[in-house]
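Working through the structure, step by step
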Amino acid sequence: MSSIQNDSDQAFEVVAETHDVFNQAGALENYNVFSSDIPLLETLAHFGLSDTAELRAYGARCGSAEVIAWGFEANENKPQFDTHDRVGHRVDLVKFHPAYHQLMNMALSEGLHSGPWQESPKNTHLERAALSYMQTQIDAGHGCPLTMTFASVPTIKLSPRLAEVWLPKILNNAYQPENVPYFEKDAVTIGMGMTEKQGGSDVRANTSVATPLRESGNGALYVLNGHKWFLSAPMCDAFLMLAQAKGGLSCFLVPRWREDGIKNGLYVQRLKNKMGNVSNASSEVELRQAQGWMVGEEGRGVAAIIEMVALTRFDCMVGSTAGQRQAVAQAVNHAQQRSSFGVRLIDQPLMQNVLADLQLEVEGSLALTMRMAAALDKPDDPAEQLLMRLGTAVGKFWICKRTPGHAYEAMECLGGNGVIENCIMPRLYREAPINAIWEGSGNIQALDVLRALQKTPAVLDRWFIEMAKTAGRYALLDSAIAQLRAVFSNSNNLEFRARYLIEQLALTMQASLLISSAPQAVVDGFIWSRLSGGRGVYGCLPEGVDAHAIISRVLPDNRSA
Ligand SMILES: Cc1cc2nc3c(=O)[nH]c(=O)nc-3n(C[C@H](O)[C@H](O)[C@H](O)COP(=O)(O)OP(=O)(O)OC[C@H]3O[C@@H](n4cnc5c(N)ncnc54)[C@H](O)[C@@H]3O)c2cc1C
């Protein structure tokens, strides 16, 4: 305060502060992303993974204010692209903010790209999925190169010659972002190039051409000419790419630097100006005499790269579930601290309906995702593989598709603050549609489900066997499953009806999995709201759902433990 004189020489006080700030929610930070997530703890325990010190420590790290700030900085400072260096040498260099490098270093050091592939110490797929789910809540963008590096392993193994050189570097839990040849590095990352201008879903339309440099076949060096319309994380050390060889569409590992130490003919044209996924650079590239080794057999490119794609699709399930979880955590954090009309939002019945419904979505997504992670951990069990074949396509379709609407509704829980860029909600919202589009868009997943049903009808039997484990527990679920069987008995116009079929496959499986692993309130809420028809927007849970019990699972009081 200061004092001034008025005409009558009387001093009066001027109030410099206009108001007190109150009734605003504090940021959700310095909390444990792992131990504050009750459904995560329960689901992992259900599949045999207990609350380990490692997971707890990683959860604390992910929830620290420092790491959360990295997520913001990496997105506020877009990757920058330099075609040439200061004196005119072509460099094709993408520069990232230091926060992006911090996030990459954190994840790679923890083995988010390598855990299940290691000899020892080794993570299960379940554990890696849990770590990845936590990491993605900080920032989804840098998850792209992590996922691609993780998913490249089965494909690269198809070529023993390449595996010998590349796998030790891929599996090294370290981050070496330097722009130098792979053979000068102990740790590398791997990207993927399939999509071309004339077709992304239909990769058979690829026009890039590969010709052998000397010998041909698996592991031999070819020269590639053409382009890729989307190539994310262009600073990866090599990319699994498709190109047409004499024997048909084939898969190649194309390094950024050639084996003779010369920069490879991989020319970044520009970076994509994306709506979301900002911390991740996505580029357009031209291939001019780019050298790459064939991976797998000539003409079997799709079969080779599908090994990678199956895992990136699984990671889309993980990533979208993580986005949903973070959105609900933010919404509940706000509702716990904000009052309106004299009552905390979290205590207002209508807001409880919305929050509980949003949380039910997370519960269903998490149950399906972690069930698939558990199946991934049993590669030699044919029954688990049948379940995964359908489950990855169904899960990728359903969970990714549900995420944009979920992000929007969670954003609205924060009111106007939810659309302001200094909170994570706008980022979650912009990120939400992307997992549904890449790695096979919604319709492509739907067609993949039909393909699986046609090629291996046992996948559907396996799906019903899994759900039979909870038969007789909920009449609504039993009748939804019976209807689903009837729907499948009609094979007319399957393609036209595919989305509906997959929605029902997803919902019934999610309900069944929740019966096995979640408490009564969650199961009641999920089944009554998702399997009784007539739902529109979030927040239409029927009376009788214990919203309080469901919401209390989002952010317990001891959230930093
Ligand atoms: C941020 C971002 C990063 C990406 N990074 C990479 C990358 O690193 N590497 C890479 O290879 N690609 C990448 N992509 C490309 C992505 O995988 C493709 O955009 C995607 O596969 C779809 O291909 P498209 O864009 O050519 O669309 P199209 O194939 O033309 O599809 C358009 C629409 O038609 C639908 N459709 C297609 N066929 C059918 C059909 N038979 N019946 C019904 N519907 C159909 C699709 O579902 C889609 O909705 C990236 C994309 C994005 C957005």
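Coordinates for the structure precede this section.
My aim in this report is to walk through the structure given alongside it, one point at a time. (Residues numbered from 1 in each chain as written. Predicted model: local features only at pLDDT ≥ 70, side-chain atom pairs only at ≥ 80, totals over all residues. Heavy atoms only, no water.)

1. Some details on the packing of aromatic side chains
Two measures describe an aromatic ring pair: the distance that separates the ring centres and the angle between the ring planes. For the record, the criterion: Note on aromatic pairs: the rings of Phe, Tyr and Trp (six-membered ring only in Trp) are paired at centre separations within 6.5 Å, and the planes decide the class, stacked below 30 degrees, edge-to-face beyond 60, tilted for the rest. Helix and strand definitions follow DSSP, with helices as H or I runs of at least four residues and strands as E runs of at least two, each counted in order from the N terminus. Categorising residues by exposure relies on relative accessible area from a 1.4 Å probe, with only protein chains included: less than 20% of the type maximum marks a residue as buried, more than 50% marks it as exposed, and the intermediate range marks it as partly exposed. For a ring to carry a charge above it, either NZ of a lysine or CZ of an arginine must fall within 6 Å of the ring centroid while also lying within 35 degrees of the normal to the ring plane.
Considering all chains together, one arrives at eight aromatic pairs under this definition. When the centroid spacing of 4.5 Å and the interplanar angle of 25° are considered together, the rings of Trp166 and Tyr182 count as stacked. Placement of Trp166 in helix α7 (residues 160-170) and of Tyr182 in the loop between α7 and β5 (190-193) is noted, with a sequence separation of 16 residues between them. Residues Trp229 and Phe230 carry aromatic rings whose centres are separated by 6.4 Å and whose planes lie at 80° to one another, so their mutual orientation is edge-to-face. With relative accessibility at 26%, the residue Trp229 sits in the partly exposed group. For Phe230, a relative accessible area of 40% gives the class partly exposed. An aromatic cluster is built from Trp166, Tyr182, Phe183 and Trp293, whose rings are joined through pairwise contacts. Taking the ring centre of Phe464 as reference, the NZ or CZ of Arg485 above it sits at 4.2 Å.

2. Notes on the environment of Gly418
Rules: The contact criterion used throughout is that any non-hydrogen atoms of two residues lie within 4.5 Å.
Its location among the elements puts Gly418 in the loop between α10 (382-413) and α11 (425-431). The spatial distance from the C-alpha of Gly418 to the C-alpha of Ala331 is 8.9 Å, given a sequence separation of 87 residues. Apart from residues no more than four positions distant in its own chain, Gly418 is found in contact with Met411, Cys423, Met425 and Pro426.

3. Considerations on the packing of helix α6 (residues 143-156) against α7
Let me state the cut-off plainly: Axis geometry follows a simple rule: fit a line to the C-alpha atoms, using only the stretch in contact for helices, then measure angles between N-to-C directions, giving values from 0 to 180 degrees. Any angle that falls under 35 degrees is termed roughly parallel, while one over 145 is termed roughly antiparallel, one within 65 to 115 roughly perpendicular, and all others oblique. When the near helix sits turned anticlockwise from the far one by under a right angle, the crossing is termed left-handed; a clockwise turn instead gives a right-handed crossing. Residues are grouped as follows: Ala, Val, Leu, Ile, Met, Phe, Trp, Tyr, Cys and Pro are nonpolar; Asp, Glu, Lys and Arg are charged; every other residue, Gly included, is polar.
Where α6 contacts α7, the axes come no closer than 10 Å and their chain directions differ by 160°. With respect to their mutual orientation, α6 and α7 come out roughly antiparallel. Crossing handedness for the pair α6 and α7: left-handed. Only Leu162, Ala163, Trp166, Leu167 and Ile170 of α7 make contact with α6, whose side of the interface consists of Thr149, Ser152, Val153 and Ile156. Of the residues contributing to the contact of α6 with α7, the split by class is seven nonpolar, two polar and no charged.

4. Looking at the site of the ligand
Test applied: Being near a molecule or strand, for a residue, means having at least one of its heavy atoms within 4 Å of it. The definition of a polar contact used here is a pair of N or O atoms within 3.5 Å, where within protein one atom must be able to donate a hydrogen and the other to accept one, and adjacent residues in sequence count solely through side-chain atom pairs. Accessible surface is estimated by sampling points in the Shrake-Rupley manner with a 1.4 Å probe; for residues, cover comes only from the protein chains shown.
In the vicinity of the ligand lie 19 residues, with Met194, Thr195, Gly200, Ser201 and Ser232 positioned nearest. Between the ligand and Ser232, the relevant distance is 2.8 Å, taken from an oxygen atom to a main-chain nitrogen or oxygen of the residue. One of the side-chain nitrogen or oxygen atoms of Asn443 is found 3.0 Å away from a nitrogen atom of the ligand. Surface burial for the ligand is 66%, taken as the share of its 980 Å² of free accessible area covered by protein chains.

5. Points about helix α15 (residues 475-489)
Convention followed: Helix span is expected to be 1.5 Å times the residue number reduced by one. Note that the arc is defined by the directions from the helix axis to the C-beta atoms.
The terminal C-alpha atoms of α15, which comprises 15 residues, lie 21 Å apart, in line with the 21 Å expected from a rise of 1.5 Å per residue. Those residues of α15 that sit buried are Leu477, Ala480, Ile481, Leu484 and Phe488. One side of α15 holds all its buried residues, which, seen down the axis, span an arc of 100°. Along α15, the residues that are exposed and aim more than 90 degrees away from the buried face are Ala475, Gln483 and Ser489. If you follow the buried residues of α15, they end up packed against α13 (442-455), α14 (458-468), α16 (494-517) and α17 (520-530).

6. Overview of unusual backbone geometry
The phi torsion of most residues other than glycine is negative, and most of the peptide bonds are trans. One non-glycine residue, Asn277, adopts positive backbone phi at about 55°. On the secondary structure map, Asn277 appears in the loop between β10 (266-271) and β11 (282-295). The phi dihedral of Glu439 is positive, around 55°, even though this residue is not glycine. Positionally, Glu439 belongs in the loop between α12 (434-437) and α13.

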